[in-house]
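Remarks on the overall topology
If you want the building blocks of each chain, they are given just below.
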Amino acid sequence: MYSQRLEVGRLVQDVRKIVNRFYYSSIIFVDSSRFVTKMFNLILFGPPGSGKGTQSERLIEKYGLIHLSTGNLLREEIINQTQLGLEAKSYMEKGQLVPDEVVIGMIRSALRSNPEAKGFLFDGFPRTVAQSEALDGLLGENNTEISAVLALDVTEEQLVERLLNRGKTSGRSDDTNESIIRARITEYENKTAAVAKYYEAFDKVVRIQGEGSIDRIFDSLCKEIDLRKVA
Ligand code: B4P
């Protein structure tokens, strides 16, 4: 009688072990499958007027990425006369960067509203090291990361010429005044250039010649993307 009870006790323990093993391994399976991701995320980087917005339009069409331009998002806020827009306007008009917490908040909500995206193209973001760290944290929450930073190289004189030219038709007040354009370039050198250094430490930066025809620059960008993109 005693040995029969012992047998049943052992059997129950064995069954429990098997159930536990199955239960925990299935949790690991479920968890890891939730975090497995095939997202492809790019940063298009460069000084004001380097061609980020111009090239982004073509890249999102070709690769089906979601375009996140903080400049565009901020201008929408200004047009809609939101509190955020009113605050941002005062910085943008002077050629200064908008505070980090404002743009990080905008990107956080844009990422949350696109859970099914196959990837994002970040244009004009991040512009400071703090924004880069925040972006890495937000992507990390979804077990994804930046695949590459494509950095457009353009000389200062060419930048000023392009922006003054755009200012003739764009209606953008930050493009019409040369001293404001130069202030934006100085902000870039003081605060934004460090973003490339930040990602260089992770070996993610690819330099692209940003002068020449728009088609040729687009081809150079695509070549670099195709080298890195997993089908
Ligand atoms: P953005 O909207 O990002 O403005 P941008 O840098 O001037 O634009 P972009 O670089 O995309 O213009 P593109 O060369 O395509 O930012 C505006 C402001 O918003 C900032 O100054 C800041 O205040 C604020 N802001 C935005 N993001 C922020 C952030 N993350 N943190 C804090 N503040 C932020 O176009 C320029 C011109 O060049 C166009 O006319 C185009 O046609 C021309 N062009 C392009 N490629 C050319 C080529 N190959 N040859 C000749 N012309 C070319």
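Just above, that's the structure.
Below you will find a few notes about this structure. (Residues numbered from 1 in each chain as written. Predicted model: local features only at pLDDT ≥ 70, side-chain atom pairs only at ≥ 80, totals over all residues.)

Here we look at the nonpolar core
The nonpolar side chains of soluble globular proteins are, as a tendency, buried together. Leu 42, Phe 45, Ile 107, Leu 121, Phe 122 and Leu 150 are the most contacted members of the largest nonpolar core, which has 38 residues in total. Among the elements that make up this core, the one with the highest residue count is helix H5 (residues 100–112) (6 residues). (Core = buried A, V, L, I, M, F, W, Y, C linked by C-beta atoms within 7 Å. Buried ≥ 20, exposed ≤ 12 C-beta atoms within 10 Å, placed from the backbone. Helix = DSSP H or I, 4+ residues; strand = E, 2+ residues; numbered from the N terminus.)

Details of the sheet that holds strand E3 (residues 120–123)
Pairing within the open sheet is parallel, and its 5 strands lie in the order E2-E3-E1-E4-E5. Two strands bound the open sheet, and with one partner strand each, they are strand E2 (66–69) and strand E5 (205–209). Between one strand axis and the next, the sheet turns by 20° as a mean value, whatever way the strands run. In the sheet, E2 pairs with E3 via 4 bridges, with the strands oriented parallel. Directly across from Ile 66, in E3, lies its bridge partner Phe 120. The strands touched by helix H9 (residues 214–228) within the sheet are strand E1 (42–45), strand E4 (148–153) and E5, with E5 carrying the most contacts at an inclination of about 155°. (Pairing = 2+ DSSP bridges. Axes fitted to C-alpha atoms, helices over the stretch in contact; angles between N-to-C directions. Contact = placed C-beta atoms within 7 Å.)

Brief notes about the environment of Glu 57
Relative to the helices and strands, Glu 57 resides in helix H2 (residues 52–63). Sequence separation between Glu 57 and Leu 121 is 64 residues; the distance between their C-alpha atoms is 9.9 Å.

The quantities given are spatial measurements derived from coordinates; they are silent on function.
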